[in-house]
Amino acid sequence: MRSRLVSLLRRFFTVLAVLTLPLFTGGWLGEVFPTSGHQSTFETEGPVAKTQLDVFYVTLWVSLAIFLAVAAVLAYATIKFKARKSDDEHTPVPPQSHGNPLIELGLIAASVAALVIIAVPTLKAIWFTYDVPEAERANAYEVTARGLQWWFQFEYPSEQIDGVGQLITANELVIPAGRPIRINLRTNDVIHSFWVPKLGGKVDMIPNRGNHLWLKADEPGYFWGQCAEFCGESHSVMRFRVIALAADDFAAWVENQKKPARTVEAPEGAEIPQAVFASYDMTRQKRNAPGYSAEFDADPMGAWVAKQFPEKDENAALIAKGRELFVAKNCMTCHAVRGHEGVGVNGPDLTHFGSRTTLAAGLLENNPRELHRWIVHPNDVKPGNKMWVGVNGMAGYLNIDRSVRYEKQVERHIQVSDEEGRALVEYLLSLK
Ligand code: CUA
C-alpha cells in the first residue's frame, strides 16, 4: 500500500516537472519545445493574432495557478495523512472541514474571481476581433475568400476590370500591409475554415452563411495559411499564402493583375529545343516529400518578388505549344486565362499563375519541376483532387461514371505525357 503510494507520488511529480519545465526555462528548451515556425501562433505579426495570443496567455496562467494550488494541496494532504506504520490504518479519521462556511464560500469566491479574470479579456477580445474597429473602418480593404475542395479563391470587389468584373485570383492572397483587411468568408461546397496563424483566424466558411473576419499585417511579409476544418480527403493539404505588401507595391501588383494574360509570341519557324526535355528526375519524388526548396523556405518574400518577372531562358516556341495543349487537353474548360482561351470557372483562375510562388493550394513551390509533377501526376500530389476526378459533372483526368459497376466506371479522359507536361509548364509559368 505504502510503496504503491510512494511510486504514484513519484510519478505524479515527474509528470508535473516535465509538463511545467518549459514554462519556467528558456534557451535550449526552445529546441525541444519549439514555439517558432511558419504557422506559429506564438510569433504574431498583427493585432488580431496578438489579441488571440494574449487571451491564450491569460487562460494559461490562470489555469496553471489553479493547477499548482490544487496539486500542492493534494500533495500536502497525501503526505501528511498517509499511514506511516501498519497500525496507523486504525487511527481515527482526522477532523473534516466539510460544511465549513469559510472554506466553501472562499472556494466559490476564488472560482468566480478566476472566471472573471479570464472572462474580461476574452470578451474584450471577442469584441475586438469580430470586426474592424470603428476608427479604422474607413481605411479597411475588402476581399472575399472562397473555400473549395481543396483550394481557396480570392476575390477583390474593389478592383473591377472593364467588361469582366472583379479581380479574381487563387491560393495566394495579396494584401496591403498596415491596413485592416475585412475578409468575407464564403464556400462553394462544404465547411472550410480560414486561418492565418500569425495574422488571425480561424473562422469557418459555411454554406449559405455569410461569415467574415478581419486581420492586419503590421509590416510587409509572407505568411502561411491553412484550412482549419476537416473538409474531405485533401483537407490537410488545403493551404494558402498571404503576401502583405507596402502600399506602392500593392497598387503595382493590382494594376498588373488586372491586365489580361501575358502573351509571348512565337517567332516564325522557331524550334522547340530538345534540351528542355531533359529529365526533372521524377524518380526522386515521394508522396509527402516537401514541396518546396530550402532557398524558397529561407526567403519566400524574395521568391515572391522574383516570380513577378518573366522566367529566365523562356522558350517562345515551347510556350506556344503549351498554349495549344492547354486547349487540346481541355484545361481551358475549367481554368480561366483572361485574354487567352481559358474560360472555365471550376478551377483556379490562371491568368497570372506564373506570378504565384506556390501551386496546388500552397502545397508545392511554383517551379518547373513541381509544376510538372502536379500536371502529370496530380493524384499523387493531392489525393482526390477535382482536376483528377472531375467536378460539377465534368470529367477531370478521369471520367467517372457512377451509374455503372465500380470496375467499369473509371475511364482515363486526359493523358498528359512527360513532354506535353513540359510545354504546359512553360506556358503556365509565362503567365506573369
Ligand atoms: Cu478545406 Cu479543410
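The structure this text deals with has already been given above.
Here goes a summary of the coordinates provided.

**Brief notes about the packing of aromatic side chains**
- As enumerated under the stated definition, the model contains 19 aromatic pairs in all.
- Put simply, the rings of Phe42, Phe56, Tyr57 and Trp61 pair up and form one aromatic cluster.
- Between the NZ or CZ atom of Lys202 and the centre of the ring of Trp195, over which it lies, the distance is 4.3 Å.

**Comments concerning the side chain of Asn385**
- Along the chain, Asn385 turns up in the loop between helix 10 (378-381) and helix 11 (386-389).
- Asn385 gets classed as buried once you look at its relative accessible area, which sits at 4%.
- Within polar-contact distance, the side chain of Asn385 engages the backbone oxygen of Pro378 at 3.2 Å.
- Discounting chain neighbours no more than four positions away, the residues touching Asn385 are Trp150, Trp374, Pro378 and Asn379.

**What to know about the pattern of salt bridges**
- Within the structure shown, the criterion is met by 15 salt bridges.
- The salt bridge partner of Arg182 is Asp131, with a shortest N-O separation of 3.1 Å. Linking Arg182 in strand 5 (residues 181-187) with Asp131 in the loop between helix 4 (101-130) and strand 1 (141-148), this pair joins segments that are 51 residues apart in sequence.
- You can call Arg182 partly exposed: its relative accessible area is 24%.
- Several salt bridges share partner residues, and in doing so they unite Lys307, Glu311 and Lys432 into one network.

**Some remarks on the nonpolar core**
- Core analysis: the biggest nonpolar cluster contains 40 residues, and Tyr156, Leu173, Ile183, Phe194, Leu215 and Trp253 have the highest contact counts within it.
- Looking at this core, the element that brings in the most residues is strand 10 (residues 239-245), giving five residues.
- Those residues in contact with Tyr156 that sit more than four places away from it in its chain are Tyr141, Val143, Gln166, Leu167, Thr169, Leu173, Val174, Phe250 and Trp253.
- One finds Phe353, Leu359, Tyr397 and Ile414 within the second-largest nonpolar core, a separate group that totals 32 residues.

**A few points about helix 4**
- Under the 1.5 Å per step criterion, the end-to-end length of helix 4 is 42 Å for 30 residues, consistent within 8% with the ideal 44 Å.
- Turning to helix 4, the residues buried within the fold contact helix 3 (47-80) and strand 8 (211-215).
- Of the residues that open helix 4, the one with a side-chain oxygen 2.9 Å from the backbone nitrogen of Leu102 is Asn100.

**Thoughts on the environment of Ala49**
- Structurally, the position occupied by Ala49 is in helix 3.
- With relative accessibility at 3%, the residue Ala49 sits in the buried group.
- A sequence separation of 297 residues divides Ala49 from Asn346, and the C-alpha atoms of the two residues are 33 Å apart.
- Those residues within four positions of Ala49 in sequence are excluded, and the remaining contacts are Thr44, Pro197, Lys198, Leu199 and Gly200.

**Focus: the packing of helix 8 (residues 316-328) against helix 13 (residues 418-429)**
- Remark: helix 8 packs on helix 13, axes separated minimally by 7 Å, with the N-to-C direction vectors making an angle of 105°. Regarding the angle of helix 8 to helix 13, the classification is roughly perpendicular. The residues of helix 13 that touch helix 8, namely those facing Leu318, Ile319, Lys321, Gly322, Arg323, Leu325 and Phe326, are Glu420, Arg422, Ala423, Leu424, Glu426, Tyr427 and Leu428.
- When its residues are assigned to classes, the contact of helix 8 with helix 13 shows eight nonpolar, one polar and five charged.

Each value, and the rule that gives it
- Residues numbered from 1 in each chain as written.
- Predicted model: local features only at pLDDT ≥ 70, side-chain atom pairs only at ≥ 80, totals over all residues.
- Heavy atoms only, no water.
- Phe/Tyr/Trp six-rings, centres within 6.5 Å; stacked < 30°, edge-to-face > 60°.
- Lys NZ or Arg CZ within 6 Å of the ring centre and 35° of its normal.
- Helix = DSSP H or I, 4+ residues; strand = E, 2+ residues; numbered from the N terminus.
- Buried < 20%, exposed > 50% of the residue type's maximum accessible area, 1.4 Å probe, protein only.
- Polar contact = N/O pair within 3.5 Å; in protein donor to acceptor, adjacent residues only side chain to side chain.
- Contact = heavy atoms within 4.5 Å.
- Salt bridge = Lys/Arg side-chain N within 4 Å of Asp/Glu carboxyl O.
- Core = buried A, V, L, I, M, F, W, Y, C linked by side-chain atoms within 4.5 Å.
- Expected span 1.5 Å × (residues − 1).
- Axes fitted to C-alpha atoms, helices over the stretch in contact; angles between N-to-C directions.
- Parallel < 35°, antiparallel > 145°, perpendicular 65-115°, else oblique.
- Nonpolar A, V, L, I, M, F, W, Y, C, P; charged D, E, K, R; others polar.

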